[in-house]
Amino acid sequence: MQYTYIPTGVCTRQITIDINDDETINDIKFTGGCNGNLKGIAALCKGKSMDEVIASLKGINCNFKGTSCPDQLARALEQIKEEF
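If you're wondering where the values come from, they're calculated on a predicted model, not measured in any experiment.

**A look at the nonpolar core**
Then, number 1: Residues Ile17, Ile19, Ile28, Phe30, Cys45, Leu73 and Leu77 are the most contacted members of the largest nonpolar core, which totals 23 residues.
Then, number 2: Elements supplying a minimum of two residues to this core: β1 (2-5), β2 (14-19), β3 (25-31), α1 (35-45), α2 (50-57) and α3 (69-83).
Then, number 3: With six residues, α3 is the largest single contributor of residues to this core.
Then, number 4: Beyond its immediate stretch of four places on either side in the chain, isoleucine 19 contacts Met1, Tyr3, Thr24, Ile25, Met50, Leu77, Ile80 and Phe84.

What follows is the structure in structure tokens.
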């Protein structure tokens, strides 16, 4: 199932997440932000469970913003889990 999340407080404008039926991540695409870094994050998350990614990325802070692109991904996954 594919989900779209609009992050706040970061450079990324949109996160598109494809979740498998077993709640593992199939693919993640970020629109905007640091292209290479975000492609790396997406590659590292592929095949992992939503819980695993949330535990790893939640709370990461970027330049004292109180959030970051990885943190916004974790928040998106938390929202998706509520819908599952």
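What follows picks up the thread again.
**Things to note about the pattern of salt bridges**
Then, number 1: Counted according to the given criterion, the structure contains four salt bridges.
Then, number 2: The shortest N-O distance in the salt bridge between aspartate 51 and lysine 81 comes to 2.7 Å. Of the two residues, aspartate 51 is situated in helix α2 and lysine 81 in helix α3; the sequence distance between them amounts to 30 residues.
Then, number 3: The exposure class assigned to aspartate 51 is partly exposed, which follows from its relative accessible area of 45%.
Then, number 4: Between aspartate 71 and arginine 75 there is a salt bridge, with its nearest N and O atoms 2.8 Å apart. Of the two residues, aspartate 71 and arginine 75 both sit in helix α3, four residues apart, roughly one turn of that helix.
Then, number 5: With a relative accessible area of 3%, aspartate 71 lands in the buried category.

Definitions and limits used
- Residues numbered from 1 in each chain as written.
- Predicted model: local features only at pLDDT ≥ 70, side-chain atom pairs only at ≥ 80, totals over all residues.
- Heavy atoms only, no water.
- Core = buried A, V, L, I, M, F, W, Y, C linked by side-chain atoms within 4.5 Å.
- Buried < 20%, exposed > 50% of the residue type's maximum accessible area, 1.4 Å probe, protein only.
- Helix = DSSP H or I, 4+ residues; strand = E, 2+ residues; numbered from the N terminus.
- Contact = heavy atoms within 4.5 Å.
- Salt bridge = Lys/Arg side-chain N within 4 Å of Asp/Glu carboxyl O.

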